[in-house]
Amino acid sequence: MGKAKLAVRHPGWLKVAQLFQCASAAAASFHDDSGPARVLKSEQGHWSPPPLLSNKTAYEVAGSSLETRAIHSNYNSYTMAKILVVVGATGQQGGSVVDAVLRDAQLSKEYTIRGTSRDPDQASAQALAKKGVEVVKADVEDAASLKQAFDGAHVVFANTVTVYDGHTYEHEVNHGRALADAAVAAGVPYYIWSTLPNAGKISGGKLKNMGHFDGKEEVEQYIRTLPMKSAFFAPGSFMSNFGATMTPHPVGEGNYALFNFVSAETNLPLIDTARDTGKWIAAILADFPKYEGKVLSAATALYSFSEIVDTMSKASGKSVSYKQLPEETWRGFLPPPMKDHVAEMMQYFQDYGYYGEDTEEKVKWSAEQAHGQLTTLDEYFQATPLQLG
């Protein structure tokens, strides 16, 4: 009786069962574990449909074909909510994805969320747990922890934290590949990667210190070769930087200035990362086939430095101007480990555009894809006032 009810509620169940039966028969004809026909194998060596996938399952994905993982995922879709793993769930990007999915009437029913953290006991991780998020410990330097975190997932949203220590490019590539490899090892069928443009390629090799951009794009190209479906989110310049590294400084008589060495008409595609990242990821989750293989150039709009300081003045009630300095003078204000990266980044924005050719069109199209109203810079400063000393 129970099985009959299941068949009525889930007409696709028979197809899934038939796929498993065929796959099992094919796999049983091989005597070694190296062939492409491997599908699912129990610890006892018997071939059969899998139980619900979990970190404690007695089964493991023995093959790496996309068809195998699709079957694996389809089984879960008929029996339970699908698992969305959010890497770095306590960060700006990850936290926004969590909030967007929880707020969305359809996605909140379709997915349960598992968030990774290097320290699940920290306050921000515990706050996620109170929202119903399963928080697990995982670290990009620990492949086993990543695979365990990804086990049973239908979709993974992955991003890396940039480290300026003289090996930025290597960290980006190694950490990004580790995440992608773990997803393949865990049998994840769908993967969303937080990428960036390759400034080295776009500049024709002129810019050589853009590892924090180039490394992420190198990982993007690697992901495109892997046996899982993928989509890409490329965030613009964070609005939150105006409360940190790009805060205006006092210049006397109650006035303030934002300093840089590029032209005041240099455009930045700005994104309220913490509030809006999830709006693009929600769009991908709602219609993955539409965005498969595509890059969302995620920003509310392009803002020149002139427009930025005008918005700052309006929001703060203070006079904020833009001051263009000689490049070497400006570089002198930056910490040594990051000055070459940041200086070349600004040069890149001015000379080539954040997303390279057709930056404006890419931003416009991508903004139209977001699920929900995007935050303007004026709205950002209303919600997060400038802290002017």
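A quick note: this is a predicted structure, and the numbers were derived from the prediction, not measured.

Criteria and cut-off values
- Residues numbered from 1 in each chain as written.
- Predicted model: local features only at pLDDT ≥ 70, side-chain atom pairs only at ≥ 80, totals over all residues.
- Heavy atoms only, no water.
- Pairing = 2+ DSSP bridges.
- Helix = DSSP H or I, 4+ residues; strand = E, 2+ residues; numbered from the N terminus.
- Axes fitted to C-alpha atoms, helices over the stretch in contact; angles between N-to-C directions.
- Parallel < 35°, antiparallel > 145°, perpendicular 65-115°, else oblique.
- Left-handed = near helix turned anticlockwise from the far one by under 90°.
- Contact = heavy atoms within 4.5 Å.
- Expected span 1.5 Å × (residues − 1).
- Buried < 20%, exposed > 50% of the residue type's maximum accessible area, 1.4 Å probe, protein only.
- Patch = residues over 30% accessible without salt bridge, like charges linked within 9 Å, V, L, I, M, F, W, Y side chains within 5 Å.
- Areas by Shrake-Rupley, 256 points an atom, 1.4 Å probe, with all protein chains shown as cover.
- Salt bridge = Lys/Arg side-chain N within 4 Å of Asp/Glu carboxyl O.
- Lys, Arg positive; Asp, Glu negative; His and termini not counted.
- Charge placed at Lys NZ, Arg CZ, Asp CG, Glu CD.

Caption draft 1: Representation of the sheet that holds strand β10 (residues 249-252). The sheet built from three strands is open, its strands ordered β10-β11-β15 with mixed pairing. Every interior strand has two partners, whereas the edge strands, β10 and β15 (319-324), have only one. Across the sheet, the mean angle separating the axes of adjacent strands is 45° when strand polarity is ignored. Pairing of strand β11 (residues 255-260) with β15 involves six bridges; the strand directions are parallel. Paired with Ala257 across the bridge in β15 is Ser321.

Caption draft 2: Just the packing of helix α4 (residues 92-103) against helix α11 (residues 273-286), in detail. Contact pair α4 / α11: the axes reach a minimum separation of 7 Å and the direction vectors enclose 60°. Classed by the angle they form, the pair α4 and α11 counts as oblique. When you trace α4 past α11, the crossing you get is right-handed. For the pair α4 and α11, the contacting residues are Gln92, Gln93, Ser96, Val97, Ala100, Val101 and Arg103 in the first and Thr273, Ala274, Arg275, Asp276, Thr277, Gly278, Lys279, Ile281 and Leu285 in the second.

Caption draft 3: Representation of α11 in the model. With 14 residues, α11 extends 20 Å from end C-alpha to end C-alpha; this agrees with the ideal 20 Å at 1.5 Å per step. Among the 14 residues in α11, 11 count as buried, and that is most of the element. Buried within α11 are the following residues: Thr273, Asp276, Thr277, Gly278, Lys279, Trp280, Ile281, Ala282, Ala283, Ile284 and Leu285.

Caption draft 4: Quick peek at a negative patch on the surface. Judged by side-chain charge, Glu357, Asp358, Glu360 and Glu361 come together as a negatively charged surface patch. Tracing the sequence through the fold places Glu361 in helix α16 (residues 359-369).

Caption draft 5: Spatial organisation of the pattern of salt bridges. Under the counting rule described, the total for this entry stands at 14 salt bridges. Note that Lys147 is salt-bridged to Asp151, the shortest N-O span being 3.3 Å. When its relative accessible area of 32% is taken as the criterion, Lys147 is described as partly exposed. Residues Lys229 and Glu292 are paired through a salt bridge, measuring 3.9 Å at the closest nitrogen-oxygen approach. Highlighted residues: Lys229 in strand β8 (residues 229-235) and Glu292 in the loop between α12 (288-291) and β13 (295-298), separated in sequence by 63 residues. Taken together, the shared-partner salt bridges in this structure form one network comprising Glu327, Glu328, Arg331 and Asp340.

Caption draft 6: How the structure looks around the sheet that holds strand β7 (residues 190-194). Strand order in this open sheet of seven strands is β5-β4-β3-β6-β7-β8-β13, and the pairing throughout is parallel. The open sheet terminates on both sides in strands that have one partner only, identified here as β5 (134-137) and β13. Looking at each pair of strands side by side, their axes are set apart by 20° on average, direction ignored. Pairing between β7 and β8: five bridges, direction parallel. Directly across from Tyr191, in β8, lies its bridge partner Ser230. Strand contacts of helix α7 (residues 143-150): β3 (82-86), β4 (111-117), β5 and β6 (155-158), with the helix running at about 165° to β4, the strand carrying the most contacts.

Caption draft 7: Up close: the packing of α7 against helix α8 (residues 168-185). At a minimum axis distance of 8 Å, the contact between α7 and α8 shows a crossing angle of 50°. When the interaxial angle is binned, α7 and α8 end up oblique. By crossing handedness, the relation of α7 to α8 is classed as right-handed. Residues Leu146, Lys147 and Phe150 of α7 form the contact with α8, whose own contacting residues are Ala178, Leu179, Ala182, Ala183 and Ala185.

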